[in-house]
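Structural overview
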2 protein chains.
Amino acid sequence: MKVANVSQAPAVKLHVLKDACAQCSARELCLPLGLTDEELQRLDDLVGSRQKLKRGEHLYRYGDHFSAIYAIKVGFFKTDVITEDGRDHVTGFQMNGEILGMDGISGDSYTCNAIALEDSEVCVIPFADLEHLSTTVPTLQRHFHRVMSREIVRDHGIMMLLGTLRAEERLVAFLLNLSQRYAARGYSPTEFHLRATRDEIGSYLGLKLETVSRALSQLQDSGLILVQQKYIRITALDGLKKMLQHAQAC
Amino acid sequence: MKVANVSQAPAVKLHVLKDACAQCSARELCLPLGLTDEELQRLDDLVGSRQKLKRGEHLYRYGDHFSAIYAIKVGFFKTDVITEDGRDHVTGFQMNGEILGMDGISGDSYTCNAIALEDSEVCVIPFADLEHLSTTVPTLQRHFHRVMSREIVRDHGIMMLLGTLRAEERLVAFLLNLSQRYAARGYSPTEFHLRATRDEIGSYLGLKLETVSRALSQLQDSGLILVQQKYIRITALDGLKKMLQHAQAC
DNA sequence: CGCAGTTTTGATTCATCTCAATTTGTGTGG
DNA sequence: CCACACAAATTGAGATGAATCAAAACTGCG
């Protein structure tokens, strides 16, 4: 069931513009980085619509026809892939200012599911338009390439994590990554709510949910963090970082 | 009438053109897919040079300034990332017709090492030129985006593998992947040489080299494959595929 | 031919999974 | 607003798959 809560219409453009790219709080993290006002304006025009999603709703599903990428304005998503035999694996968590849907470019259909983990809003960026516009706005083209490349680099980091770290270390890496991303958005780097369940985190980290729970308890017992369900408070950021430095060194 | 008239090309170009994109055996897999002859010619001009590497040599290293991506003409590579404390992790194996270096786009320097596992040759594609050319050749732009996207999708597959499969299943997935890629290049899908050591394969799959060796032996004992050091012969392709279907189902 | 690096194989240990029971939290409807 | 049902999280005990440690066999190269 695809949600089509799409704000639309040329006639309504004016008030749409009001919270469009030019003023979006995510603009430093999203596509438009470094554009001139005029270029930004053209990007505004490009972004066809906004779309709101309630918690649990799919932004797109595996196999859906690809025609757009999405910039998250507000909210939190997960992407996962599912195999024939029903196993699934979370490939990432995305937050505001990040781009979703680039997996769909290669085969004209999405290769994973994107699901909102809280009420969210995204900008719909028709991909054909983006490609077209980027032929005349070099800055945009370059930035888009960087965004895609960053996704590749990030995935390499996760592969590394999955391939070489032990359970507790994976959790630490995960928490530090969230911390850093929240910090980049002006939120507290030491205090946040996990939007994902233990099961989803486990899937992402290649662990069972019980192992995630145990690892969190261990970190709490070590005095590094404070856990209250989904609420996390990092009480020793340096301590966490040290855990990754010395990982496996011993 | 595939190749642009050679007699029109500048004198120096002649010998370069001979093994350039227009006639490269990798052209279907590389960037130029679907270009017109004239566009292909312009891509030929774009590819600044070829570069040969002996086994064990680095194509680029972590931290090197990024200015080009590379199309593998012949050979076999691995990419790996290394952490401060010395652990390393193989993030991929690349063969002819595939692109290396896209990890460098995001930060203007490469984020991993690319190392030839056999004597190899690559085409150097200056990235600024590629971006520039792709503004006037939409087919090229689109194809490049597909190539990057495919890399992302592939990485998701590996994350899935690392997160959900057991040792033997990972090996099977790895062998099937190689098989399929060799098949796509017109080589035998059931008979090939591993270019990587057990240690490198293990790093890629998140396993220790002993485990890789054991898993290979097990698969051989099951009559699915034949192993002689680096030489692999798949004797029951369907059997291997079934192993992945039923993975974890039981 | 011999040496170094690679691979195979075995015995043991250890981390994570699995199974299971309990607690805590959340949302719904009376 | 409370009670109930259901989902999520914690914790424990035992099973298991992969890591580790160790030794032997094989390969290729000088």
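What counts, and at which threshold
Residues numbered from 1 in each chain as written. Chains lettered and ligands numbered in written order. Predicted model: local features only at pLDDT ≥ 70, side-chain atom pairs only at ≥ 80, totals over all residues. Heavy atoms only, no water. pLDDT = per-residue confidence, 0-100. Contact = heavy atoms within 4.5 Å. Buried area = accessible area lost by both parts, 1.4 Å probe. Salt bridge = Lys/Arg side-chain N within 4 Å of Asp/Glu carboxyl O. Polar contact = N/O pair within 3.5 Å; in protein donor to acceptor, adjacent residues only side chain to side chain. Helix = DSSP H or I, 4+ residues; strand = E, 2+ residues; numbered from the N terminus. Nonpolar A, V, L, I, M, F, W, Y, C, P; charged D, E, K, R; others polar. Near = heavy atom within 4 Å. Buried < 20%, exposed > 50% of the residue type's maximum accessible area, 1.4 Å probe, protein only. Pairing = 2+ DSSP bridges. Axes fitted to C-alpha atoms, helices over the stretch in contact; angles between N-to-C directions. Phe/Tyr/Trp six-rings, centres within 6.5 Å; stacked < 30°, edge-to-face > 60°. Parallel < 35°, antiparallel > 145°, perpendicular 65-115°, else oblique. Least-squares fit on C-alpha atoms with pLDDT ≥ 70 in both. Left-handed = near helix turned anticlockwise from the far one by under 90°.

**Some details on the confidence of the model for chain A**
Parts of the model with low pLDDT should not have their predicted coordinates read in detail. On average, residues of chain A score 86 in pLDDT, and 85% of them reach the 70 mark or higher. Contacts from residues 1-18 of chain A, a stretch scored under 50 in pLDDT, to residues over four places away or in other chains number 23 contacts.

**Brief notes about the interface of chain A and chain B**
At the interface, 44 residues of chain A touch 44 residues of chain B. Summed over both partners, the interface of chain A with chain B comes to about 4300 Å²; 58% of that surface belongs to carbon and sulfur atoms. With a shortest N-O distance of 3.3 Å, Glu131 of chain A and Arg142 of chain B are connected by a salt bridge. At the junction of chain A and chain B, the tally comes to 21 residue pairs in polar contact (both at pLDDT 80 or more). Breaking the side of chain A that touches chain B down by element, the ones donating at least two residues are strand 5 (88-95), helix 3 (127-134), helix 4 (138-164) and helix 8 (237-245) of chain A. By residue number, the principal contributor to the side of chain A that touches chain B is helix 4 of chain A, which donates 19 residues. For the side of chain A that touches chain B, a count of residues per class yields 15 nonpolar, 17 polar and 12 charged.

**Comments concerning the protein's contact with DNA strand D**
Around DNA strand D, a shell composed of 18 residues is seen, among which Arg198, Ser213 and Ser217 of chain A together with Ala167 and Thr211 of chain B lie nearest. Atoms of DNA strand D within 4 Å of the protein belong to the sugar or the phosphate in 64% of instances, the rest to bases. A distance of 2.6 Å is found between a phosphate oxygen of DNA strand D and a backbone nitrogen or oxygen belonging to Ala167 of chain B. Between DNA strand D and Lys208 of chain B there is a distance of 3.3 Å, counted from a phosphate oxygen to a backbone nitrogen or oxygen. Going through the elements one at a time, helix 7 (209-221) of chain A together with helix 7 (209-221) of chain B are the ones with two or more residues in the surface near DNA strand D.

**Comments concerning the pattern of salt bridges**
Considering all chains together, one arrives at 22 salt bridges over all chains under this definition. Lys78 of chain B is the salt-bridge partner of Glu200 of chain B, the closest N and O atoms lying 3.0 Å from each other. In this pair, Glu200 of chain B is assigned in helix 6 (residues 198-205) and Lys78 of chain B in strand 4 (residues 76-82), connecting sequence segments 122 residues apart. With respect to burial, Glu200 of chain B and Lys78 of chain B carry one shared label: buried. The closest approach of N and O atoms between Arg154 of chain B and Glu151 of chain B, which form a salt bridge, is 3.3 Å. Linking Arg154 of chain B with Glu151 of chain B, this pair stays in helix 4 (residues 138-164), spanning 3 residues, or about one helical turn. In this structure, a network of salt bridges that share partners links the residues Lys78, Asp80 and Glu200 of chain A.

**Some points on the protein's contact with DNA strand C**
Around DNA strand C, the structure places 19 residues, and the nearest of them are Ala167 and Thr211 of chain A together with Arg198, Ser213 and Ser217 of chain B. The sugar-phosphate share of atoms of DNA strand C within 4 Å of the protein amounts to 66%. Ala167 of chain A is positioned with one of its backbone polar atoms (N or O) 2.6 Å from a phosphate oxygen of DNA strand C. Between DNA strand C and the protein, one listed contact pairs a base oxygen with a side-chain N or O atom of Arg214 of chain A at 2.9 Å. Looking at the surface near DNA strand C, the elements that each hand over two or more residues are helix 7 of chain A together with helix 7 of chain B. With 5 residues, the single largest contributor to the surface near DNA strand C is helix 7 of chain B.

**Looking at the sheet that holds strand 5 of chain A**
All names here are of chain A. One open sheet accounts for 4 strands, arranged 2-7-4-5; its pairing is antiparallel. Pairing within the sheet leaves two strands with one partner each, and these edge strands are strand 2 (58-60) and strand 5. Taken pair by pair, the neighbouring strands of this sheet meet at an average axis angle of 30 degrees, ignoring direction. By the bridge criterion, 7 bridges tie strand 4 (residues 76-82) to strand 5 in an arrangement that is antiparallel. Among the inter-strand pairings, Phe76 is bridged to a residue of strand 5, identified as Met95.

**With respect to the packing of aromatic side chains**
Considering all chains together, one arrives at 22 aromatic pairs over all chains under this definition. Here the aromatic cluster, defined as three or more aromatic residues joined through ring pairs, consists of Tyr60, Phe66, Tyr70, Tyr110, Phe127 and Phe144 of chain A.

**So, the packing of helix 3 of chain A against helix 4 of chain A**
Residue and element names in this part refer to chain A. Where helix 3 contacts helix 4, the two axes come as close as 7 Å, and the packing angle between them is 125 degrees. The pairing of helix 3 with helix 4 is recorded here as oblique in orientation. Where helix 3 approaches helix 4, its residues Phe127, Leu130, Leu133 and Ser134 are matched on the opposing element by Pro138, Leu140, Gln141 and Phe144. Class assignment of the residues belonging to the contact of helix 3 with helix 4 gives a composition of 6 nonpolar, 2 polar and no charged.

**With respect to the relation of the copies chain A and chain B**
Its rotation angle being 180 degrees, the transformation that places chain A on chain B also includes 0.0 Å of axial translation and leaves an RMSD of 0.0 Å. Classification of the inter-copy transformation places it as that of a two-fold axis. Measuring from the rotation axis to each C-alpha of chain A, the shortest distance belongs to Thr135 of chain A, at 2.1 Å. Here 100% of the interface residues in chain A have copies in chain B that are interface residues too; the copies meet face to matching face.

**Details of the packing of helix 2 (residues 37-46) of chain B against helix 3 (residues 127-134) of chain B**
All names here are of chain B. At their nearest, the axes of helix 2 and helix 3 sit 10 Å apart, and the two run at 160 degrees to each other. Classified by the angle their axes make, helix 2 and helix 3 are roughly antiparallel. The two elements helix 2 and helix 3 cross, and the hand of that crossing is right-handed. For the pair formed by helix 2 and helix 3, the contact residues are Arg42, Leu43 and Leu46 on the first element and Asp129, Leu130 and Leu133 on the second. Counted by class, the contact of helix 2 with helix 3 contains 4 nonpolar, no polar and 2 charged residues.

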